[in-house]
Amino acid sequence: HLILDHIDFDVRAGEVHTLLGENGAGKTVIANILSGYYAKTGGEVRVNGEVVNLTSPRDGLAHGIAMVHQELMLVPAFTVAQNVMVGLDAPAFSFQIQAVEDKLAALSARYGLQVDPRARVETLSAGEQQRVEILKVLYHEPKVLLLDEPTSLLTPGEADHLFIVLRAMTDDGKGVVFITHKMREVFAVSDRVTVLKLGKTQ
């Protein structure tokens, strides 16, 4: 069964490249392959021109590629900082929680992602929880971020704030892949747009 058919897609430093298409078009599959969550069965992935083999999300992070999934994957009873620590590649208590909180506070300020590192996730709104998911990814200082339908849980005002955050990321030299099916968002945030339909680019 062919899900993606000869897709040619790239993202450049300092841009938002929007991947637009209806549900089932294959947008999430592309993002999962580019970030190492799914194995590809053909073609190649290049980072800075070099062919890379991504067999896990850890491989993706090692090459500076990170994905923010549509589903929130947070532990409600933990604080923001504790949720970030869960995902760190080290023994659970080898990190000082204060150091993690300090880095999160700095990232929050740098990208306009206002959230208290000490807040328990269960006390946060959906929009704030999504900021935590983005901070979890930014903690690893990736060069490329893939965001899968990131506005699906947000109010229009929260979505507009997210676009400001994305622009702060591109101003910092990051490449952003923004996945959506909403035309309003395409015009609000995109530097380039690729339209995907039934597994093919249009």
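Structural data are supplied above this passage.
Here's what I pulled together on the structure shown here. (Residues numbered from 1 in each chain as written. Predicted model: local features only at pLDDT ≥ 70, side-chain atom pairs only at ≥ 80, totals over all residues. Heavy atoms only, no water.)

Attention now goes to helix α6 (residues 156–171). Its 16 residues give α6 an end-to-end C-alpha distance of 23 Å, which sits within 8% of 22 Å, the value for a rise of 1.5 Å per residue. Turning to α6, its buried residues are Ala159, Leu162, Phe163, Val165, Leu166, Met169 and Thr170. Buried residues of α6, viewed axially, fall in a sector of 165°; they line one side. Counted as exposed and oriented over 90 degrees from the buried face of α6: Ile164 and Asp171. Where the residues of α6 are buried, they touch β1 (16–20), α4 (97–111), α5 (126–138), β5 (144–148), β6 (175–180) and α7 (183–189). (Helix = DSSP H or I, 4+ residues; strand = E, 2+ residues; numbered from the N terminus. Expected span 1.5 Å × (residues − 1). Buried < 20%, exposed > 50% of the residue type's maximum accessible area, 1.4 Å probe, protein only. Arc of directions from axis to C-beta. Contact = heavy atoms within 4.5 Å.)

Moving on, we get to the environment of Glu149. Checked against the element boundaries, Glu149 lands in the loop between β5 and α6. Discounting chain neighbours no more than four positions away, the residues touching Glu149 are Asn23, Lys27, Gln70, Ile179, Thr180 and His181.

Attention now goes to the side chain of Thr18. Looking at the element boundaries, Thr18 is found in strand β1. Contact partners of Thr18, with chain neighbours within four places excluded, come to Phe178, Thr180, Val186, Val189, Ser190, Arg192, Val193 and Thr194.

Here the focus is the side chain of Glu101. Structurally, the position occupied by Glu101 is in helix α4. Assessed through its relative accessible area of 11%, Glu101 is described here as buried. Setting aside residues no more than four positions away along its own chain, Glu101 makes contact with Ala81, Pro117 and Arg118.

Take the packing of α5 against α6 next. The packing of two helices is summarised by the inter-axis angle and the distance between the axes. In contact at an axis separation of 11 Å, α5 and α6 are set at 15° when each is read in the N-to-C sense. Accordingly, the angle class assigned to the pair α5 and α6 is roughly parallel. As α5 runs across α6, the sense of the crossing is right-handed. Seen from α5, the contacting residues are Gly127, Gln130, Arg131, Ile134 and Leu138; seen from α6, they are Glu158, His161, Leu162 and Met169. Partitioned by chemical class, the residues of the contact of α5 with α6 number 4 nonpolar, 3 polar and 2 charged. (Axes fitted to C-alpha atoms, helices over the stretch in contact; angles between N-to-C directions. Parallel < 35°, antiparallel > 145°, perpendicular 65-115°, else oblique. Left-handed = near helix turned anticlockwise from the far one by under 90°. Nonpolar A, V, L, I, M, F, W, Y, C, P; charged D, E, K, R; others polar.)

Bringing the packing of aromatic side chains into the picture now. How two aromatic rings sit relative to each other is set out by the distance from centre to centre and by the angle between their planes. Scanning the entire structure with this criterion turns up 1 aromatic pair. Between Phe163 and Phe178, the aromatic rings sit 5.9 Å apart at their centres with planes inclined by 80°, giving edge-to-face as the arrangement. Of this pair, Phe163 sits in helix α6 while Phe178 sits in strand β6, and the two are 15 residues apart along the sequence. As far as burial versus exposure is concerned, Phe163 and Phe178 are alike and both buried. Sitting above the plane of the Tyr139 ring, Lys103 keeps its charged end 4.3 Å from the centroid. (Phe/Tyr/Trp six-rings, centres within 6.5 Å; stacked < 30°, edge-to-face > 60°. Lys NZ or Arg CZ within 6 Å of the ring centre and 35° of its normal.)

It is worth spelling out α4 at this point. For α4, which comprises 15 residues, the first-to-last C-alpha distance of 21 Å matches the rise-based estimate of 21 Å (1.5 Å per residue) to within 8%. Along α4, the residues classified as buried are Val100, Glu101, Leu104, Leu107, Ser108 and Tyr111. Burial along α4 is one-sided: seen end-on, the buried residues are contained in an arc of 125°. Exposed residues lying more than 90 degrees from the buried face of α4 are Ala109 and Arg110. If you follow the buried residues of α4, they end up packed against α3 (80–86), α5 and α6. One or two positions beyond α4, positive phi appears at Gly112, with a value near 75°.

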